[in-house]
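Below, each chain spelled out in residue letters.
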Amino acid sequence: EAQVTQNPRYLITVTGKKLTVTCSQNMNHEYMSWYRQDPGLGLRQIYYSMNVEVTDKGDVPEGYKVSRKEKRNFPLILESPSPNQTSLYFCASLKQGSYEQYFGPGTRLTVT
Amino acid sequence: QKEVEQNSGPLSVPEGAIASLNCTYSDRVSQSFFWYRQYSGKSPELIMSIYSNGDKEDGRFTAQLNKASQYVSLLIRDSQPSDSATYLCAVPRGGFQGGSEKLVFGKGTKLTVNP
């Protein structure tokens, strides 16, 4: 089954404790993205990747890191999480030349 | 002006009615426009795309684009309770060259269809 998976789905952590949210897709898509979704602010892009080892900032990259060492994986790293990073995070993938982004199920992160 | 603006809603319509969702965008040279549907607690899914002025129909859904007015809308005919969701308008950032890997989303309009 073609899909984008994210782990964990739910995470409660404390300020400053480094964490990684994993994202994997099995569709051989070139593009992958991370979004965060907040009430009243909508869905905003954090980072995106055009292919292995090629990444670029989205609208709200501060406080986040990404890497793309393999085509299928695009982890999101929060080196020192803060409460303002409490949000719902979505990973998405897109085939080059196409227009439909496929979203993962989401990760709800709470930073206390 | 924000890049993509939508009526914040919420919008409530009776079953069987036409639901009309609106979106305006600021980049005059944008070429492609998308509507995503997001059920509560779920991830967004693409339901419509439109590139040319005019209407595009897909089943009960019609997307309408007016580039001169920088306006795109989504009409849902014969609305069903299963259409109750948040609808997100999205436009690629980067104008004429913008690809779908850099989407800018509106804040969404929550639609409730009452039986």
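Residues numbered from 1 in each chain as written. Chains lettered and ligands numbered in written order. Predicted model: local features only at pLDDT ≥ 70, side-chain atom pairs only at ≥ 80, totals over all residues. Heavy atoms only, no water.

Caption draft 1: Broad picture of the pairing of strand β4 (residues 31–38) of chain A. Residues and elements named next belong to chain A. With 8 of its 8 residues buried, β4 lies for the most part within the structure. Both faces of β4 are covered, namely the face carrying Tyr31, Ser33, Tyr35 and Gln37 and the face carrying Met32, Trp34, Arg36 and Asp38. One ladder, built from 7 bridges, connects β4 with strand β9 (residues 87–94); its direction is antiparallel. Along β9, the bridge assignment pairs Gln37 with Leu88. Linking β4 back to strand β5 (residues 42–51) in an antiparallel pair, the connection comprises 3 residues, with Gly40 at a positive phi of about 80 degrees. (Buried < 20%, exposed > 50% of the residue type's maximum accessible area, 1.4 Å probe, protein only. Helix = DSSP H or I, 4+ residues; strand = E, 2+ residues; numbered from the N terminus. Pairing = 2+ DSSP bridges.)

Caption draft 2: Representation of the interface of chain A and chain B within the structure. Listed as interface residues are 20 residues of chain A and, on the opposing side, 17 residues of chain B. Of the roughly 1,600 Å² buried at the junction of chain A and chain B (both faces included), carbon and sulfur atoms supply 53%. On the chain A side of the interface with chain B, the three residues burying the most area are Leu43, Tyr99 and Phe103 of chain A, jointly 33% of the side's total. Inspection of the region where chain A meets chain B yields 4 residue pairs in polar contact (both at pLDDT 80 or more). By residue class, the composition of the side of chain A that touches chain B is 10 nonpolar, 8 polar and 2 charged. (Contact = heavy atoms within 4.5 Å. Buried area = accessible area lost by both parts, 1.4 Å probe. Polar contact = N/O pair within 3.5 Å; in protein donor to acceptor, adjacent residues only side chain to side chain. Nonpolar A, V, L, I, M, F, W, Y, C, P; charged D, E, K, R; others polar.)

Caption draft 3: Just the sheet that holds strand β1 (residues 4–7) of chain A, in detail. Residue and element names in this part refer to chain A. With antiparallel pairing, 4 strands are arranged side by side in an open sheet as β1-β3-β8-β7. Both outer strands of the open sheet, β1 and β7 (65–66), are each paired with one neighbouring strand and no more. As paired elements, β7 and strand β8 (residues 76–78) share 2 bridges and run antiparallel to each other. Bridge assignment links Lys65 to a residue of β8, and that residue is Ile77.

Caption draft 4: Molecular detail of the environment of Lys67 of chain B. Residue and element names in this part refer to chain B. Summarising the element assignment, Lys67 is placed in the loop between β7 (61–66) and β8 (71–76). Along the backbone, Lys67 and Ser52 are 15 residues apart, and their C-alpha atoms lie at a distance of 8.2 Å. If we ignore the near neighbours within four places in the chain, the residues touching Lys67 are Tyr25, Ser30, Gln31, Phe33, Tyr51 and Asn53. At 3.0 Å, the side chain of Lys67 and the backbone oxygen of Tyr51 are in polar contact.

Caption draft 5: Highlighting the nonpolar core. Formed by 24 residues in total, the largest nonpolar core has its most connected members in Trp35, Val72, Leu74, Ile76 and Tyr87 of chain B. When residues of this core are traced back to their parent elements, those giving at least two are β3 (19–25), β4 (33–38), β5 (45–50), β7, β8, β9 (85–92) and β11 (109–114) of chain B. Sequence-distant contacts of Leu74 of chain B, defined by excluding residues within four places in its chain, comprise Ala19, Ser20, Leu21, Trp35, Ile47, Met48, Phe61, Thr62, Ala63 and Tyr87 of chain B. Grouped together as the second largest cluster of nonpolar side chains are 19 residues, Cys23, Trp34, Tyr47 and Val66 of chain A included. (Core = buried A, V, L, I, M, F, W, Y, C linked by side-chain atoms within 4.5 Å.)

Caption draft 6: Local environment of the packing of aromatic side chains. Under the criterion given, the structure shown has 11 aromatic pairs over all chains. Where Tyr35 of chain A meets Phe103 of chain A, the ring centres are 5.6 Å apart and the plane angle is 45 degrees; that geometry is what we call tilted. Within this pair, whereas Tyr35 of chain A is found in strand β4, its partner Phe103 of chain A is found in strand β10 (residues 102–103), the two being separated by 68 residues in sequence. Seen from their ring centres, Phe34 of chain B and Tyr51 of chain B are 6.3 Å apart, and the 85 degrees between their planes marks the pair as edge-to-face. Pair noted here: Phe34 of chain B is in strand β4 and Tyr51 of chain B is in the loop between β5 and β6 (54–58), with a separation of 17 residues, a long-range link. For Tyr51 of chain B, a relative accessible area of 33% translates into the label partly exposed. (Phe/Tyr/Trp six-rings, centres within 6.5 Å; stacked < 30°, edge-to-face > 60°.)

Caption draft 7: Representation of the sheet that holds β6 of chain B within the structure. All names here are of chain B. Read across the sheet, 5 strands follow the order β1-β3-β8-β7-β6 without closing on themselves; strand pairing throughout is antiparallel. Of all the strands in the sheet, just β1 (4–6) and β6 have a single pairing partner and so form its edges. Each adjacent strand pair in this sheet contributes to an overall mean axis angle of 20 degrees, direction not counted. As defined by bridge partners, β3 adjoins β8 across 6 bridges and the pair is classed as antiparallel. (Axes fitted to C-alpha atoms, helices over the stretch in contact; angles between N-to-C directions.)

Caption draft 8: The arrangement of the pattern of salt bridges in detail. Residues and elements named next belong to chain A. Overall, the coordinates contain 7 salt bridges over all chains when judged by the stated rule. Between Arg44 and Asp38 there is a salt bridge, with its nearest N and O atoms 2.9 Å apart. With relative accessibility at 22%, the residue Arg44 sits in the partly exposed group. For Glu79, the salt bridge identified is with Lys65, shortest N-O distance 2.9 Å. With Glu79 in the loop between β8 and β9 and Lys65 in strand β7, this residue pair connects regions lying 14 residues apart in the sequence. Using a relative accessible area of 37% as the deciding quantity, one classes Glu79 as partly exposed. Through salt bridges with shared partners, one network takes in Arg36, Asp38 and Arg44. (Salt bridge = Lys/Arg side-chain N within 4 Å of Asp/Glu carboxyl O.)

Distances and angles like these do not, on their own, reveal function.
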